[in-house]
Amino acid sequence: MVDGKKLVVSASPHLRTKDTTQRIMLDVVIALIPALIAAVVLFGPRVLAVTATTVITAVLSEFAARKVMKRHNTIQDLSAVVTGLILAFNLPVSIPLWMAAIGSFFAIVVVKQMFGGIGQNFANPAIVARIVLLLSFGQAMGNWTAPLSWKTDAVSTATPLAIIGGESTEALPSLLDMFLGIRGGCIGETCSLALIVGGIYLMARKVISYKIPVAFIGTVAVIMLIAGKFDLEFLAYELMGGGLLLGAFFMATDYSTSPIKSNAKIVFGVGCGLLTCVIRLFASLPEGVSFAILIMNLLVPHIETIMAPKPFGTVKEKKTKEGEAK
Amino acid sequence: MGDVKLPNGVMSKAVTIESDGEMRLWEGIEPPKVETKEDFIKAVRASGLVGLGGAGFPTHIKLNFPADKNIDTLIINAAECEPYITVDYRECMENSWDILSSVYTLKDILGFKRVVIAAEDNKPEAFKVLKNIADHKDDVDDEVQLMILESKYPQGAEKMMVQSATGRRVPPGKLPADVGCVVLNVTSAAFIARYLKTGKPLVSRSLTVDGSAIANPKNVRVPIGTNISDIIDFCGGFKTEPCKILTGGPMMGLAIVGTDLPVLKQNNAILAFSKDDAVLKPETDCIRCGRCAIACPMSLMPTNIVRAAKAKDPEALKQLGITVCMECGSCAFACPAGKPLVQHMRLAKAILREEGNK
Ligand code: SF4
Ligand code: SF4
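Residues numbered from 1 in each chain as written. Chains lettered and ligands numbered in written order. Predicted model: local features only at pLDDT ≥ 70, side-chain atom pairs only at ≥ 80, totals over all residues. Heavy atoms only, no water.

K.L.:
Please provide a residue-by-residue account of the site of ligand 1, values included.
P.N.:
The environment of ligand 1 is formed by B:Cys286, B:Ile287, B:Arg288, B:Cys289, B:Gly290, B:Cys292, B:Thr303, B:Cys335, B:Pro336, B:Ala337 and B:Leu341. For the shell around ligand 1, a count of residues per class yields eight nonpolar, two polar and one charged. (Near = heavy atom within 4 Å. Nonpolar A, V, L, I, M, F, W, Y, C, P; charged D, E, K, R; others polar.)

In structure tokens:
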């Protein structure tokens with residue numbers, strides 16, 4: 001006979017996947033590491049100081065916020081680490097560390113925890129923090145250090161998209177330099193190679209689906225191809241410039257702030273791409289990615305309602321319903 | 001006569017039968033006379049047959065569909081309903097004659113135009129056996145067909161089966177019969193043939209005994225009502241201390257509180273797990289990863305249903321289609337945050353039911 005008290009009684013199913021939130025977030029961290037290494041090579045050891053600042057601030061803020069709100073501690077799920085990393089990737093290397101810390105605190109406390117923590121926030125914390133920093137400290141946020149100049153005296157430079165936009169007369173970096181990340185820009189956005197490697201890793205591990213990045217980048221490609229009158233070189237600069245790859249692979253795919261179902265994901269990705277192009281082409285801001293993702297974040301609940309999937313076997317009822325309404 | 005506790009915790013009246021150790025058939029048992037459809041249904045009813053795949057739905061009700069329903073397809077479900085369980089596979093291997101005879105009897109008596117035998121692609125031997133049945137010489141117009149399905153939980157679920165076999169989708173709240181299909185588990189089908197031949201009612205069944213805590217996992221045939229602890233002893237007892245014991249499969253089975261319980265007709269497995277397999281990971285916050293929605297065979301969005309249920313919003317629940325949820329557990333299996341989603345689904349259904357009662 002078996003002593004019934006020792007048996008675990010729980011609701012079905014009795015098998016569970018071995019995946020955990022922590023493992024998923026760890027995968028995201030792993031996927032970001034190539035870009036981090038590239039950034040250290042390109043922009044010097046200060047990259048590590050900025051990254052450490054945002055990551056540590058993010059984790060401490062999460063810990064403190066959960067304590068104050070009397071909720072269970074969540075720092076072990078690593079999502080705060082991811083937010084810290086992504087925020088650092090969206091900052092120029094020369095940013096004063098205290099500004100980076102403020103951004104990180106803001107991302108975690110105001111954008112994430114005040115809306116209920118992981119899975120509940122409607123806007124991407126790192127993006128909102130970046131935009132807040134941009135609006136408050138425009139000067140420091142627009143101070144681009146030339147790549148590979150950190151061993152000598154830091155030289156400032158302009159970003160490729162600003163050069164294309166005619167705001168600077170500097171020479172454009174070559175396409176190979178663009179691919180390797182040897183250009184002005186935020187810490188983690190310049191090395192296309194590293195970002196693509198990270199993105200492929202995430203897709204291979206099934207952490208993200210290909211739908212959002214492909215729809216996003218594809219839309220930008222099509223529009224820029226037409227806008228550039230089929231100039232492939234222009235297209236390549238647009239695709240590798242700004243934060244497009246970082247945004248498409250790592251920020252637009254954030255679970256909390258993107259749709260769940262595949263068709264809604266495609267709509268979301270296309271929307272991000274469209275807005276990015278509109279901002280890049282018509283507004284004075286050359287880097288439209290953050291704003292585009294933010295706007296689409298806010299639209300996610302609407303996209304999901306409109307595109308709600310039909311439960312199995314449901315026949316289309318729309319017509320009868322409209323009929324009733326009349 | 002006395003009270004017996006059933007695995008789901010309910011007390012029930014039961015007769016305790018003392019065995020004389022001989023296991024002879026009673027002389028009065030004889031094959032039923034079956035000439036018409038009515039005779040047949042009566043016979044099935046008298047046999048006490050229920051869906052042996054796990055649902056336990058009385059078979060005579062399933063087969064006694066009104067003529068105006070236009071039922072044209074019989075689906076013989078040989079896809080195992082859950083991981084671990086192999087009784088249907090053994091049935092195919094050992095009792096193929098019964099399956100064959102049952103298929104043709106059912107077809108003739110109930111007038112099905114088409115019979116589809118559905119098997120999973122990971123059971124090549126069973127496939128061969130079933131292929132012989134489908135290609136039998138009596139089947140002149142090739143009305144009996146074999147269909148191979150990808151082996152993927154919950155392939156054995158009726159609605160999934162109907163869709164795979166006929167392309168028809170059973171609407172929410174309806175039964176396979178509403179789209180012209182009847183789904184019958186192979187083991188149940190084989191039993192019908194045996195009953196028609198011998199008249200021996202459903203007094204025993206086969207079940208899988210498995211799991212990391214069982215010393216000698218095997219399939220056994222036991223009289224219904226056998227005490228679960230006797231069955232486990234027969235399989236060598238426990239090799240490690242069991243931490244969780246289930247009747248039924250790992251996805252939809254019931255965790256039981258002890259082993260002093262009887263086997264019921266619809267129990268297709270007894271699984272016992274040691275500590276490593278039984279302890280579920282801790283529940284964390286939903287991260288909206290969407291894996292539950294990808295996993296759901298019914299195209300539901302479990303995470304949104306949880307939200308609507310928390311908000312006690314019956315309108316939203318209806319919109320989200322909670323009623324089609326078959327509690328298969330796929331969503332909860334896939335959830336990295338360890339959410340007990342099936343429990344949430346049951347809760348959501350309860351909210352809707354309450355609303356309906358108002
Ligand atoms: S699988 Fe779990 S964590 Fe992911 S969306 Fe569904 S309920 Fe949330
Ligand atoms: S239990 Fe989960 S996966 Fe299965 S039908 Fe219900 S919601 Fe879908």
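K.L.:
Please set out the environment of B:His136 residue by residue, giving values where relevant.
P.N.:
All names here are of chain B. Locating His136 in the fold gives a position in the loop between helix 5 (124-134) and strand 5 (144-149). Sequence-wise, His136 and Leu100 are 36 residues apart; in three dimensions their C-alpha atoms are separated by 8.5 Å. Excluding anything up to four places from it in sequence, His136 contacts Leu100 and Tyr104. (Helix = DSSP H or I, 4+ residues; strand = E, 2+ residues; numbered from the N terminus. Contact = heavy atoms within 4.5 Å.)

K.L.:
Quick one: what's the story with the nonpolar core, residue by residue and with numbers?
P.N.:
Core analysis: the largest hydrophobic core is formed by 80 residues, its most contacted members being A:Leu91, A:Phe216, A:Phe250, A:Phe268 and A:Ile293. For A:Ile293, the contacting residues outside a window of four places in its chain are A:Ile127, A:Phe216, A:Gly247, A:Met251, A:Ala252 and A:Cys272. If you look at the next biggest cluster of nonpolar residues, it comprises 40 residues, including B:Leu74, B:Cys92, B:Val103 and B:Ala189. (Core = buried A, V, L, I, M, F, W, Y, C linked by side-chain atoms within 4.5 Å. Buried < 20%, exposed > 50% of the residue type's maximum accessible area, 1.4 Å probe, protein only.)

K.L.:
Mind laying out the interface of chain B and chain A, listing which residues take part and the relevant values?
P.N.:
Taken together, the contacts link 65 residues of chain B with 43 residues of chain A. Carbon and sulfur atoms make up 59% of the area that chain B and chain A hide from each other, which totals about 4400 Å². The largest contributions to the chain B side of the interface with chain A come from B:Ile287, B:Arg288 and B:Arg291, which together make up 16% of the buried area. Summed over the shared surface of chain B and chain A, the result is three salt bridges. Note that B:Arg291 is salt-bridged to A:Asp19, the shortest N-O span being 2.9 Å. There are nine residue pairs in polar contact (both at pLDDT 80 or more) connecting chain B and chain A. At the level of elements, helix 6 (158-166), strand 9 (244-247), strand 10 (254-256), helix 10 (291-295), helix 11 (302-310), helix 13 (330-334) and helix 14 (341-357) of chain B are the ones that each hand at least two residues to the side of chain B that touches chain A. Within the side of chain B that touches chain A, the residues separate by chemical class into 36 nonpolar, 16 polar and 13 charged. (Buried area = accessible area lost by both parts, 1.4 Å probe. Salt bridge = Lys/Arg side-chain N within 4 Å of Asp/Glu carboxyl O. Polar contact = N/O pair within 3.5 Å; in protein donor to acceptor, adjacent residues only side chain to side chain.)

K.L.:
Please give an account of the site of ligand 2 that cites residues and values.
P.N.:
Residue and element names in this part refer to chain B. The local shell around ligand 2 holds 13 residues, among which Cys296, Cys325, Cys328, Gly329 and Cys331 are the closest. Here ligand 2 is seated within the second largest cavity. Here the shell around ligand 2 is built from residues that sort into ten nonpolar, two polar and one charged. (1 Å grid on protein atoms, 1.4 Å probe; cavity = no way out; pocket = protein on both sides within 12 Å on 5 of 7 lines; lining within 4 Å. Sits in = over half its atoms within 2 Å of the grid points.)

K.L.:
A description of the domain arrangement of chain B should follow, citing residues and the corresponding values.
P.N.:
Residue and element names in this part refer to chain B. Its domain assignment divides chain B into domain 1 (31-198), domain 2 (204-278) and domain 3 (291-356). Just the C-alpha atoms count here: the centres of domain 1 and domain 3 sit 30 Å apart. In this complex, domain 1 contributes six residues to the contact, which on the side of domain 3 involves seven residues. Note on domain 1 versus domain 3: buried area summed over both sides is about 510 Å², and carbon and sulfur give 73% of it. When the buried surface of domain 1 facing domain 3 is broken down by residue, Tyr153, Lys159 and Met160 rank first, second and third, together holding 57% of it. (Domains from an automatic or database assignment.)

K.L.:
Explain empty space enclosed by the protein to me, using residue names and the numbers behind them.
P.N.:
Residue and element names in this part refer to chain A. Counting across every chain of the model gives five cavities of 30 Å³ or more. Empty space within the largest cavity amounts to approximately 330 Å³. Surrounding the largest cavity, 21 residues form its lining, Met25, Val82, Phe250, Asp254 and Tyr255 being those nearest its centre. Residue assignment for the lining of the largest cavity shows that the elements contributing at least two residues are helix 1 (21-43), helix 3 (79-89) and helix 5 (125-136). When residues of the lining of the largest cavity are assigned to their parent elements, the largest contribution, four residues, is made by helix 3. (Points joined across faces, edges and corners; volume = space filled by probe spheres on them.)

K.L.:
Please provide a residue-by-residue account of the environment of B:Ala78, values included.
P.N.:
All names here are of chain B. Along the chain, Ala78 falls in the loop between strand 3 (73-77) and helix 3 (87-94). Owing to a relative accessible area of 9%, Ala78 belongs among the buried residues under this scheme. Here the alpha-carbon distance between Ala78 and Glu91, two residues 13 residues apart in the chain, equals 9.1 Å. Contacts of Ala78, omitting those with residues within four sequence positions, involve Cys92, Ala118, Ala119, Leu130 and Val186.

K.L.:
Mind laying out the pattern of salt bridges, listing which residues take part and the relevant values?
P.N.:
Residue and element names in this part refer to chain A. Throughout the structure, instances matching the rule amount to 16 salt bridges over all chains. Here Arg23 ties to Asp27 by a salt bridge, and the two come within 2.9 Å at their closest N and O atoms. Here Arg23 and its partner Asp27 are both found in helix 1, four residues apart, which amounts to about one turn of the helix. Accessibility expressed as a relative area gives 32% for Arg23, which makes it partly exposed. Judged by relative accessible area, Asp27 falls into the buried class, the value being 1%. Salt-bridge contacts for Asp27 lead to Arg205; the nearest nitrogen and oxygen are separated by 2.8 Å. Here the residue Asp27 occupies a position in helix 1, and Arg205 occupies one in the loop between helix 9 (192-204) and helix 10 (211-227), the gap between them amounting to 178 residues. On the basis of relative accessibility, which here comes to 35%, the residue Arg205 falls in the partly exposed class. A network of salt bridges, in which partner residues are shared, links Arg23, Asp27 and Arg205.

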